[in-house]
Amino acid sequence: MVPVKQDMPHSEKDNILPDWKMEAIHWGGAPDNFLLFGIKALEKGQPSLAFEILKEGLVHNPGHTQLTYRMALALARCRATQSAADIINSLLKRLDKSDPVICDVYSLAGRLAKDRWEIATDPAEKTRLARESMENYKYAYKISRDYYPGINAATMSIISGDEQAGCDLARKIRTQCLKKKSGVTRDYWLTATLGEAC
């Protein structure tokens, strides 16, 4: 996850203002403020509001990588899968490989291909989307060694027909999670990943 500042200007941290545009008058177009409010809207389960905030942020900061990524995430959570995929695919074409958000972008690209795979009816299209999802998740895992894209890469490898590679990667992720779990008491995603890796 990309770190952002934790102080929200002119507002309580846990409260998204219904009229955030009045708040934005004080921001002077600064991307961090749009990003903070967009993230908070996503955390509160308000992806439509997050989209609106982040889109406005991009008006003031065209091409801003984090704003673009979060806006695509908001669209994905609104189930506007193809629109989100179009934004992410465009971002991938211009994204610098050293950008701190690169793992998140590739992971979202994997998720969006998986979402499209789920609803595709044409067998050839399903196969293509499963492989696209697997490749994006694999790349995100390669550059981050984060178990989230790793376990998704394993699952999509199996779905793509490469069961051996998927099982090998799942075992690797399981070992990684068991090592990490020894120092963590309650981590839902870590436990869920272990369950999927078994």
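Just so we're clear, the structure is a prediction, and the values are computed from it rather than from any experiment.

Lay out the overall build of the protein chain in plain terms, naming residues and giving numbers.
Along its length, the protein chain carries ten helices and zero strands. The proportion of buried residues among the 198 residues of the protein chain is 46%. Taking the contacts inside the protein chain whose residues are at least 6 apart along the sequence as the reference set, 52% of them involve residues at least 24 apart.

Lay out helix α3 (residues 47-60) in plain terms, naming residues and giving numbers.
Here α3 contains 14 residues, and its C-alpha end-to-end distance of 20 Å stays within 8% of the 20 Å for a straight helix at 1.5 Å per residue. For α3, the set of buried residues is Pro47, Leu49, Ala50, Ile53, Leu54, Gly57 and Leu58.

Explain the environment of glutamine 66 to me, using residue names and the numbers behind them.
Note that glutamine 66 resides in helix α4 (residues 65-77). Separated by 35 residues in the primary sequence, glutamine 66 and proline 31 have C-alpha atoms spaced 8.9 Å apart.

Talk me through the environment of glutamine 164; I want residue IDs and the actual numbers.
Mapping glutamine 164 onto the fold places it in helix α9 (residues 163-181). Classification of glutamine 164 by relative accessible area gives exposed; the value is 51%. Residues glutamine 164 and alanine 154, spaced ten residues apart in sequence, show a C-alpha to C-alpha distance of 9.5 Å. Among the polar contacts listed, one links the side chain of glutamine 164 to the side chain of aspartate 168, at a separation of 2.8 Å.

Explain unusual backbone geometry to me, using residue names and the numbers behind them.
Across the chain, the bulk of peptide bonds are trans and the bulk of non-glycine residues have phi less than zero. Although it is not a glycine, arginine 79 adopts a positive phi angle of roughly 70 degrees. Within the secondary structure, arginine 79 sits in the loop between α4 and α5 (81-94). Positive phi, close to 60 degrees, is recorded for arginine 145, a residue that is not glycine. Looking at the element boundaries, arginine 145 is found in the loop between α7 (123-144) and α8 (147-159). According to the relative accessible area criterion, arginine 145 is partly exposed, its value standing at 43%.

Run through the side chain of glutamate 132, naming residues and quoting values.
By the element assignment, glutamate 132 lies in helix α7. For glutamate 132, the side chain forms a polar contact with the side chain of arginine 128, separated by 2.8 Å. Residues within four places of glutamate 132 in sequence aside, it is in contact with Ala113 and Arg116.

Please set out the side chain of lysine 40 residue by residue, giving values where relevant.
Following the sequence through the fold, lysine 40 ends up in helix α2 (residues 31-43). On the basis of relative accessible area, lysine 40 is assigned to the buried category, the value being 13%. A polar contact is formed between the side chain of lysine 40 and the side chain of glutamate 43, at a distance of 3.0 Å.

Give a detailed account of the pattern of salt bridges, specifying residues and quantitative values.
Note on pairing: side chains with opposite charge can pair once their charged atoms come close. All told, the structure shown has six salt bridges when counted by the stated rule. Between glutamate 43 and lysine 40 there is a salt bridge, with its nearest N and O atoms 3.0 Å apart. One end of the pair is glutamate 43 and the other is lysine 40, both in helix α2 and three residues apart, which spans about a single turn. A residue is classified by how much of its surface remains accessible, and glutamate 43, at 56% relative accessible area, is exposed.

Describe in detail α9, supporting the description with residues and values.
The end-to-end C-alpha distance of α9 is 26 Å, a good match for the 27 Å that 19 residues give at a rise of 1.5 Å each. Taken residue by residue, α9 has Gly166, Leu169, Ala170, Ile173 and Cys177 as its buried positions. Each buried residue of α9 lies within a common arc of 105 degrees when the element is viewed along its axis, so the set occupies one face. Set apart from the buried face of α9 by more than 90 degrees, the exposed residues are Gln164 and Lys179.

Conventions adopted
Residues numbered from 1 in each chain as written. Predicted model: local features only at pLDDT ≥ 70, side-chain atom pairs only at ≥ 80, totals over all residues. Heavy atoms only, no water. Helix = DSSP H or I, 4+ residues; strand = E, 2+ residues; numbered from the N terminus. Buried < 20%, exposed > 50% of the residue type's maximum accessible area, 1.4 Å probe, protein only. Contact = heavy atoms within 4.5 Å. Expected span 1.5 Å × (residues − 1). Polar contact = N/O pair within 3.5 Å; in protein donor to acceptor, adjacent residues only side chain to side chain. Salt bridge = Lys/Arg side-chain N within 4 Å of Asp/Glu carboxyl O. Arc of directions from axis to C-beta.

Purely geometric numbers; function is a separate question.
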